[in-house]
Amino acid sequence: MTEPVQQHKANRGLVLLTTVGILSLSLFLQLEFGLKPALLFLAGTGLGISLLHAAFSFSTAWREFIRCREGEGIRSQLLLFMLASLLFFPLLGNFFPQISVTGALGPVGISVLAGAFLFGIGMELGNGCGSGTLRSIGGGHVNMLITLIFFIIGSLIGTAHLQWWLELPSLGKISLIESLGWLPALLLQLVVLLALYGLVRQAEKRRHGRLTTLNSCNSDRNVLHRMIFGPWPLSWGVAGLLFFSIITLLIAGHPWSITFAFGLWGAKIWTALGGDISTLSYWGSGYPAQALSSSVLADITSVMNFGVILGATLAAGLAGSFAPAKEIRLNMIINAVIGGLLLGYGARLAFGCNIGGLYGGIASGSVHGWLWLVAGFAGTIAGVYIRILTGVDRPMRVRP
Amino acid sequence: MKRKHSKMIFGSAISLATLAVAIDHTRHSLPEPEPRRIEVTAGTQTRCAPDSPCVMYDQPCSLDSPCSMYNNPCALESPCSIDENPCSIDSPCSLYDKPCVPEDSIPPCAQG
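The structure presented is a predicted model; accordingly, all values stated were derived computationally and were not measured.

Some points on the overall build of chain B
Counting its regular elements, chain B contains 1 helix and 2 strands. Taken from N to C terminus, the helices and strands of chain B fall in the order α-β-β. Within chain B, residue pairs in contact and separated by at least 24 positions form 35% of the contacts whose partners lie at least 6 positions apart. Here chain B has roughly 6300 Å² of accessible surface; of this, 60% comes from carbon and sulfur atoms.

Put into structure tokens, the structure is as follows:
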């Protein structure tokens, strides 16, 4: 039996400061832009709390499965995809015609294939995905600042090259909901997700002879105490992410996304430093142009990202785990730089990160989400081996 | 790296980021030197000039229109991305060229 993890005392100063920050910013957004952005910011905060308290991570979960067949992280993600599909599909399939929402659809093509593969490598080198980077920043992990900076730079470079990538072969957007109808599409998707869940479960059981339940949590705190101060079991993380994802879909009218904001921040910083992006068609018209010439607080993805970071900071303050002491080696810095660039560049090409492209895509019944899953997982395998080659991780022990 | 150093670095980074956001917001919130707002009245409906300050949140891409910032960001990750979308580069919905919705479906312009 495992010992309960050591519980830290809440950092009251940080909790107070973050709470004041969250309330002030939500009030400001409401006064300046209206209720909707304020609510979306608070939804972001809820997502950040869920991510940190449940230690919900794509990069670590995928790496642990590849290295040692620890499958509870991936199983929790598959469960999240299944539950989200159950809620998203009827809404996107106009089962409730009075609710107008749109899904995250992207082209099924080389751009997404290459982008998700690069993102998978970057996720392992940079030690975080889209949501994981925001969560770790909120949790005060200094090394992730390096990843975020280069994530932003990579995103900006990606916007410069995107047009070229989009000219490569593509089948266009394919929506399962539009092709099959929402109910058959939902049934098909649930069957595939359940099959994947079974495969992961089987691999885990074969290697370890047991299964870690998604409700397990090494804490001797009572339920209410754990709810506030953490840690959460993965199942609570799934519930939190699902709840705030559906809130986001209903309020924003589209699924949760993260990485558009990184490119926007990069473009704003670059122009503020005197750089010229007028030659980039991406920023020349449509929403990107509008976002670039407006306050960053007018951009929904930016506002939600700020919410995720502050939510994670609040959760880290409550858990007493903010800014952990950590050894940062040179090879980790180099990997963070390269990883960050690949994350940003890959996310732009792949029409989103593990949230906007993978989670949003699959929950919307878009085939590009499935392509993202396959290519992203292949990239993660490559990333795991690069970590070993660069000395960040020990070699894997070969087990039957 | 000691925890104290981590906190100091984070404090600095968050302060810097807050300052950058504040500067960016203030820069975009400054009033135009000349009033560029042109109101076009169509019956009881009014919309704003494409680059007027009211475009983002009032008209023609108001909060309730399909093209507004908070309804439908038309970002590349969003469903209404480059192709086939109401807010794409070549569509009649480019925010700074044309209204996001057909003339006859423009919602009433927010006052002010």
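A word on the overall build of chain A
Helix and strand counts for chain A come out as 17 helices and 2 strands. Taking 21 Å as the expected radius of gyration for a compact globule of 400 residues, we find that chain A reaches 20 Å, a close match to that expectation. Taken along the three principal axes of its C-alpha coordinates, chain A extends 60 × 50 × 50 Å. Expressed as a percentage of its 400 residues, the buried residues of chain A come to 59%. In chain A, the proportion of contacts linking residues at least 24 apart, taken out of those at least 6 apart, comes to 79%. With an accessible surface of roughly 15800 Å², chain A has 68% of that area assigned to carbon and sulfur atoms. Once the 24 positive and 14 negative side-chain charges of chain A are each reduced to a mean point, those two points are 8 Å apart.

Section: the packing of aromatic side chains
All names here are of chain A. What the rule picks out here adds up to 17 aromatic pairs over all chains. Geometrically, the ring pair formed by F151 and F262 is edge-to-face, given 4.6 Å between the ring centres and 70° between the ring planes. Placement of F151 in helix α7 (residues 143–166) and of F262 in helix α12 (residues 260–272) is noted, with a sequence separation of 111 residues between them. By the burial criterion, F151 is buried, and F262 matches it. One aromatic cluster is present, formed by F119, F151, F262, W265, F306 and W372 through successive ring pairs. Directly above the aromatic system of F65 lies the positively charged group of R69, at a separation of 5.5 Å from the ring centroid.

Points about the environment of S26 of chain A
Residue and element names in this part refer to chain A. Within the secondary structure, S26 sits in helix α1 (residues 12–33). Taking the C-alpha atoms as reference points, S26 and F41, separated by 15 residues in sequence, lie 6.6 Å from one another. Beyond its immediate chain neighbours, meaning those up to four positions away, S26 contacts A38, F41 and L42. Within the structure, the side chain of S26 is placed 2.9 Å from the backbone oxygen of L23, a separation counted as a polar contact.

With respect to the packing of helix α3 (residues 58–68) of chain A against helix α4 (residues 72–92) of chain A
All names here are of chain A. Axis separation between α3 and α4 bottoms out at 8 Å; the angle between their running directions is 125°. If you check the angle between α3 and α4, you find them oblique. Only G73, I74, Q77 and F81 of α4 make contact with α3, whose side of the interface consists of F58, A61, W62 and F65. Looking at side-chain class alone, the contact of α3 with α4 contains 6 nonpolar, 2 polar and no charged residues.

A word on helix α11 (residues 234–252) of chain A
All names here are of chain A. Here α11 is 19 residues long and its end C-alpha atoms lie 26 Å apart, about the 27 Å a rise of 1.5 Å per residue gives. Residues of α11 that are buried: L234, S235, G237, V238, G240, L241, L242, S245, I246, T248, L249 and A252. The secondary structure elements touched by the buried residues of α11 are α2 (35–53), α4, α14 (300–319) and α16 (354–363). G253 sits one or two positions beyond α11 and adopts a positive phi of about 90°.

Regarding α4 of chain A
All names here are of chain A. Taking 1.5 Å as the rise per residue, α4 with 21 residues should run 30 Å; its terminal C-alpha atoms sit 29 Å apart, in good agreement. Along α4, the helix axis deviates most sharply at S85, where the bend reaches about 30°. Buried residues dominate α4, accounting for 17 of its 21 residues. Just downstream of α4 lies N94, where phi reads positive at about 60°.

Comments concerning the nonpolar core
Residue and element names in this part refer to chain A. Ranked by internal contacts, the top residues of the largest apolar core, which has 96 residues, are F56, W62, F119, W256 and Y359. By residue number, the principal contributor to this core is α14, which donates 11 residues. Apart from the residues within four sequence positions on either side, F119 is in contact with C129, G130, F151, L342, L343, G346, A347, C353, N354 and W372. Membership of the second largest hydrophobic core comes to 12 residues, among which are F260, L264, L280 and L292.

Some remarks on unusual backbone geometry
All names here are of chain A. Here the residue pair G230 and P231 is connected by a cis peptide bond, since its omega of -5° sits within 30 degrees of zero. On the secondary structure map, P231 appears in the loop between α10 (223–229) and α11. A positive phi angle is found at F351, which is not glycine, with a value near 60°. Positionally, F351 belongs in the loop between α15 (330–349) and α16. F351 sits in the buried class, given a relative accessible area of 2%.

Topic: the pattern of salt bridges
Considering all chains together, one arrives at 5 salt bridges over all chains under this definition. Between K268 of chain A and D24 of chain B there is a salt bridge, and its shortest N-O distance comes to 3.1 Å. In this pair, K268 of chain A sits in helix α12 while D24 of chain B sits in helix α1 (residues 3–29), so the two residues belong to two different chains. Owing to a relative accessible area of 8%, K268 of chain A belongs among the buried residues under this scheme. Classification of D24 of chain B by relative accessible area gives buried; the value is 9%.

Rules behind the numbers
- Within each chain, residues carry numbers counting from 1 in the order of the written sequence.
- Whichever chain is written first is A, and whichever ligand is written first is 1; the rest continue in order.
- In view of the model being predicted, local features appear only for residues whose pLDDT reaches at least 70, and side-chain atom pairs are presented and counted only at 80 or more, with totals across whole chains, interfaces and linings using the full set of residues.
- In computing side-chain values, all of the structure's heavy atoms are included and hydrogens and water are not.
- Under the DSSP-based scheme used, a helix requires at least four consecutive residues in state H or I and a strand at least two consecutive residues in state E, with every element numbered from the N terminus.
- A contact between two residues is defined here by any heavy atoms of the two lying within 4.5 Å.
- Only the protein chains shown count as cover for residues, and the accessible areas themselves come from Shrake-Rupley with a 1.4 Å probe.
- Based on C-alpha atoms, the radius of gyration is set beside the globule rule, defined as 2.2 Å times the residue count to the power 0.38.
- For every residue, the accessible area (1.4 Å probe, protein chains only) is compared with the maximum for its type, and the residue is labelled buried under 20%, exposed over 50%, or partly exposed between those bounds.
- Charge counting follows a simple rule: Lys and Arg are positive, Asp and Glu are negative, and His as well as the terminal groups are ignored.
- Charge positions come from single atoms, namely NZ of Lys, CZ of Arg, CG of Asp or CD of Glu.
- For this analysis, a ring pair means two rings from Phe, Tyr or Trp (six-membered ring only for Trp) whose centres lie within 6.5 Å, classed as stacked if their planes differ by under 30 degrees, edge-to-face if by over 60, and tilted for the remaining angles.
- Distance and angle both matter: a charge sits over a ring if NZ of Lys or CZ of Arg is within 6 Å of the ring centre and within 35 degrees of the ring normal.
- In protein, a polar contact requires one atom able to donate a hydrogen and another able to accept it; more generally it is a pair of N or O atoms within 3.5 Å, and residues adjacent in sequence count only if both atoms are side-chain atoms.
- Orientation is described by axes fitted as lines to C-alpha atoms, over the contacting stretch for helices, and by angles from 0 to 180 degrees between their N-to-C directions.
- Roughly parallel here means an angle under 35 degrees, roughly antiparallel means over 145, roughly perpendicular means 65 to 115, and every remaining angle is called oblique.
- Each residue gets one of three labels, nonpolar for Ala, Val, Leu, Ile, Met, Phe, Trp, Tyr, Cys and Pro, charged for Asp, Glu, Lys and Arg, and polar for the others, Gly among them.
- Here the expected span of a helix is defined as 1.5 Å times the quantity of residues minus one.
- What the bend at a residue measures is the angle between two axes, fitted to the seven residues ending there and to the seven starting there.
- Note on terminology: a nonpolar core comprises buried Ala, Val, Leu, Ile, Met, Phe, Trp, Tyr and Cys residues joined through side-chain atoms within 4.5 Å.
- Salt bridge, as used here: a side-chain nitrogen of Lys or Arg that lies within 4 Å of a carboxyl oxygen of Asp or Glu.

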